[in-house]
Amino acid sequence: MKDLVSFLQDKSQVKRENVTLEKKLEQLTLELSGLEEENKTLQQILSSSSDPILVTTTEGEITYANPAWEKITGYTFEEVKGKNPRFLKSNKTPALMYRKMWKTILKGKTFTSDEVINKKKNGYEYRIRSHIYPVRKNGNINYFVQQQHDITAVKEREELQKEFLSATAHELKTPITVLKLLTQSHLQKAKNKSYDSIKIGELELVDRELDRITLIINDLLDTSRLETGKQFMTLKRVDISEVVKQTVEKIRIYAKNHEFLVQNFPSQIFVQADPARIEQVLLNLLSNAVKYSPPEREILISGEIAKNQIIISVKDEGMGIPRTKQSLIFDKYYQLKTNSKVGFGLGLYISKEIIKRHKGKIWVTSKVGKGSIFSFSLPLTI
Ligand code: ADP
């Protein structure tokens, strides 16, 4: 009797357990079909994206590629399924970029790449910038989703523009030199023969305008040299206080209406530098101080040693620069609409690049209506 009771009890227990299991199964099936639906929707989103998308496992095996990716590379998903995307490499992308990428995504962080140059199935190159998102499941990273952005056309257009600019600047250099020589010889003759002042004035104007064009051409050539990585400067040990002295003497000849004052500049300060390039930076800061401040105002040049560096500053009492624009003026071609008199917006960009190549920094502090102080630092050498 006791056995029968316990048997019945056990049976009802099994029945209860069966019901719970059935319920659980039902729930799981529901969840699974939900997941399938979700999966389908996700697949639809990915495949309709105009950006190429590639999904890989953490080992780098391709598990998904959308039609946009197939279009840009020329491969079908079936051809590349399970492969490592390294077969796309052109060897023109720096290895450091890939190292940074793996370091970041393996930590579970999103990575945004610089320009990556890959090879299509037909051997042609294409350029992308991509965002890689690690996807986690139960706390572990399972997949990497790579959303790419095709920048081939943009880059090609940029390169064409650079080549065009550089070729035009080169072509202009010779005729401008000839015009400059002719103008100066005519000017000399006009002065010797005491021509009327109108004629002399006109020739002087042509001479000044030619100088202006020469400066713009040189800026364009420098910009192109900087961007193509061509030999731009040679460093040697120089006494920077001498470079400063000579540069200020030069600007005094050109800008007779302003007063230049060298204040507290220490002597015998040695740095590793290209003296011609540092002179270029200083001349640019000084001529900006002249351009953007009224005549007869003082322009102060000073030097200060701080933390194994020399900090050279040019202070003017000009119109100043609004705070919101102060970081923008070092960008290529940037000019403040209100106060650009002469120039092309390249001077500060080139100066920033020169100082960067000397392992220094350049910055500005300024107040509208009061004036600006442009400073740059250079590491000292023994
Ligand atoms: P550019 O002088 O040829 O326009 P720069 O790159 O040298 O080009 O300067 C960029 C812009 O920064 C200038 O157009 C001007 O608006 C502003 N700027 C530069 N120096 C000064 C200064 N000392 N005072 C006021 N504005 C300045």
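Residues numbered from 1 in each chain as written. Predicted model: local features only at pLDDT ≥ 70, side-chain atom pairs only at ≥ 80, totals over all residues. Heavy atoms only, no water.

1. A look at the overall build of the protein chain
Broken down by element type, the protein chain carries 9 helices and 13 strands. For 382 residues, the compact-globule formula gives about 21 Å, and the C-alpha radius of gyration of the protein chain, at 34 Å, lies well above that figure. Considering only C-alpha atoms, the protein chain reaches an extent of 140 × 50 × 40 Å along its principal axes. When burial is assessed residue by residue, the protein chain has 36% of its 382 residues classed as buried. Charge separation in the protein chain, taken as the distance between the mean sites of 61 positive and 46 negative side-chain charges, equals 3 Å. (Helix = DSSP H or I, 4+ residues; strand = E, 2+ residues; numbered from the N terminus. Rg over C-alpha atoms; globule rule 2.2 N^0.38 Å. Buried < 20%, exposed > 50% of the residue type's maximum accessible area, 1.4 Å probe, protein only. Lys, Arg positive; Asp, Glu negative; His and termini not counted. Charge placed at Lys NZ, Arg CZ, Asp CG, Glu CD.)

2. What about a nonpolar patch on the surface?
On the surface, a nonpolar cluster with roughly 250 Å² of combined accessible area is contributed by L165, Y333 and F344. Its location among the elements puts F344 in the loop between β11 (309-315) and α9 (347-357). (Patch = residues over 30% accessible without salt bridge, like charges linked within 9 Å, V, L, I, M, F, W, Y side chains within 5 Å. Areas by Shrake-Rupley, 256 points an atom, 1.4 Å probe, with all protein chains shown as cover. Salt bridge = Lys/Arg side-chain N within 4 Å of Asp/Glu carboxyl O.)

3. Focus: the pattern of salt bridges
Enumeration over the complete set of coordinates arrives at 17 salt bridges. Residue E79 is joined to K121 by a salt bridge in which the shortest nitrogen-to-oxygen separation is 2.6 Å. Of this pair, E79 sits in helix α3 (residues 77-80) while K121 sits in the loop between β4 (116-119) and β5 (125-137), and the two are 42 residues apart along the sequence. Residue R212 pairs with E209 through a salt bridge whose shortest N-O separation is 3.6 Å. Of this pair, R212 and E209 both sit in helix α6 (residues 197-228), 3 residues apart, roughly one helical turn. The network of salt bridges with common partners includes E115, R127, K155, E158 and E159.

4. Quick look at the layout of surface pockets
Estimated volume of the second largest pocket: approximately 590 Å³. In terms of lining, the second largest pocket is formed by 15 residues, of which the most central are N39, L42, V55, V135 and Y143. Taken together, the elements giving at least two residues each to the lining of the second largest pocket come down to α1 (2-48), β2 (62-65), β5 and β6 (140-150). If one sorts the elements of the lining of the second largest pocket by residue count, α1 sits on top with 6 residues. Its residues assigned to classes, the lining of the second largest pocket shows 8 nonpolar, 4 polar and 3 charged. (1 Å grid on protein atoms, 1.4 Å probe; cavity = no way out; pocket = protein on both sides within 12 Å on 5 of 7 lines; lining within 4 Å. Points joined across faces, edges and corners; volume = space filled by probe spheres on them. Nonpolar A, V, L, I, M, F, W, Y, C, P; charged D, E, K, R; others polar.)

5. Thoughts on the sheet that holds strand β10 (residues 298-306)
Taken together, 5 strands build an open sheet; the order of strands is β8-β10-β11-β13-β12 and the sheet is mixed. Only two strands of the sheet have a single partner each, and these edge strands are β8 (259-263) and β12 (362-367). Sheet twist, expressed as the average angle between the axes of neighbouring strands with direction ignored, equals 20°. The pairing of β11 with strand β13 (residues 371-379) spans 7 bridges and is classified as antiparallel. Looking at the pairing, I311 lines up with S377 of β13. Running over the sheet, helix α7 (residues 240-254) touches β8, β10, β11 and β13 and is turned about 170° from β8. (Pairing = 2+ DSSP bridges. Axes fitted to C-alpha atoms, helices over the stretch in contact; angles between N-to-C directions. Contact = heavy atoms within 4.5 Å.)

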